[in-house]
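Structural overview
If you want the building blocks of each chain, they are given just below.
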Amino acid sequence: MTTQNFVPQRRADHPTWWRIPLVASVLGLPVLALEYSAIRAQAGMGQYGAALYWALALFAAAWGLPRRRSFKTLRILAAGAALVITLLPVTLLLLLSVMLAG
């Protein structure tokens, strides 16, 4: 008679799960903080404040997702979307200033 020891295999953590959120956070969080302080200095947050909160929530989601390899794509999408939401207003402002200067 053969006995089988069935021990469920724990899914291996992705060894470099932290790189994508780290790069996005290093690039995006200082800009997000500057945008937040500039908007708070004005009369109120308005609709632009919602975009800032969405970006912050996406940064948190990129860090908070499980560390498994299967969540790599979702982590990339969350970090990328947060970075785009954060950098788009600054990019448009710089583009507008270049167009008006020339």
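Residues numbered from 1 in each chain as written. Predicted model: local features only at pLDDT ≥ 70, side-chain atom pairs only at ≥ 80, totals over all residues. Heavy atoms only, no water.

**Some thoughts on the overall build of the protein chain**
In terms of regular secondary structure, the protein chain is built from three helices and zero strands. Listing the helices and strands of the protein chain from first to last along the sequence gives α-α-α. In terms of overall size, the protein chain is more extended than a compact globule, its C-alpha atoms giving a radius of gyration of 20 Å where 102 residues would be expected to give roughly 13 Å. Each of the three principal axes of the protein chain carries a C-alpha extent, and together these read 85 × 30 × 15 Å. Of the roughly 7,700 Å² that the protein chain leaves accessible, carbon and sulfur atoms contribute 69%. (Helix = DSSP H or I, 4+ residues; strand = E, 2+ residues; numbered from the N terminus. Rg over C-alpha atoms; globule rule 2.2 N^0.38 Å. Areas by Shrake-Rupley, 256 points an atom, 1.4 Å probe, with all protein chains shown as cover.)

**A few points about the packing of aromatic side chains**
If you walk through the whole model with that rule in mind, you get two aromatic pairs. Taking 5.9 Å as the distance between ring centres and 90° as the angle between the ring planes, the aromatic pair formed by Trp-17 and Trp-63 counts as edge-to-face. You can see Trp-17 sitting in the segment before helix H1 (19-41) and its partner Trp-63 sitting in helix H2 (residues 46-64), a full 46 residues away along the chain. Look at Trp-63 and you get partly exposed, because its relative accessible area is 34%. (Phe/Tyr/Trp six-rings, centres within 6.5 Å; stacked < 30°, edge-to-face > 60°. Buried < 20%, exposed > 50% of the residue type's maximum accessible area, 1.4 Å probe, protein only.)

**Quick notes on H1**
For H1, spanning 23 residues, the distance from its first C-alpha to its last is 33 Å, which sits close to the expected 33 Å at 1.5 Å a residue. Largest kink in H1: about 35°, centred on Ser-25. Looking only at H1, the buried set comprises Pro-21, Ala-24, Ser-25, Gly-28, Val-31, Leu-32, Glu-35 and Ile-39. Lining the buried residues of H1 we find H2 and helix H3 (72-101). (Expected span 1.5 Å × (residues − 1). Bend = angle between axes of the 7 residues up to and from the residue. Contact = heavy atoms within 4.5 Å.)

**Some remarks on the nonpolar core**
Grouped together as the largest cluster of nonpolar side chains are twelve residues: Ala-24, Leu-32, Ile-39, Met-45, Leu-52, Ala-55, Leu-58, Phe-59, Ala-62, Ala-78, Ala-79 and Ala-82. A total of five residues in this core trace back to one element, the largest contributor, which is H2. The residues contacting Leu-52, other than those within four sequence positions of it, are Leu-32, Glu-35, Tyr-36, Ile-39 and Met-45. (Core = buried A, V, L, I, M, F, W, Y, C linked by side-chain atoms within 4.5 Å.)

**Some remarks on the packing of H2 against H3**
Following both chains from N to C, one finds H2 and H3 inclined at 150°, their axes separated by 8 Å at the closest point. Accordingly, the angle class assigned to the pair H2 and H3 is roughly antiparallel. When the axes of H2 and H3 are compared, the crossing they make is left-handed. Across the interface between the two elements, Tyr-48, Ala-51, Ala-55, Leu-58, Phe-59 and Ala-62 of H2 pack against Arg-75, Ala-78, Ala-79, Ala-81, Ala-82, Leu-83, Ile-85, Thr-86 and Pro-89 of H3. Grouping the constituent residues of the contact of H2 with H3 by class yields 13 nonpolar, one polar and one charged. (Axes fitted to C-alpha atoms, helices over the stretch in contact; angles between N-to-C directions. Parallel < 35°, antiparallel > 145°, perpendicular 65-115°, else oblique. Left-handed = near helix turned anticlockwise from the far one by under 90°. Nonpolar A, V, L, I, M, F, W, Y, C, P; charged D, E, K, R; others polar.)

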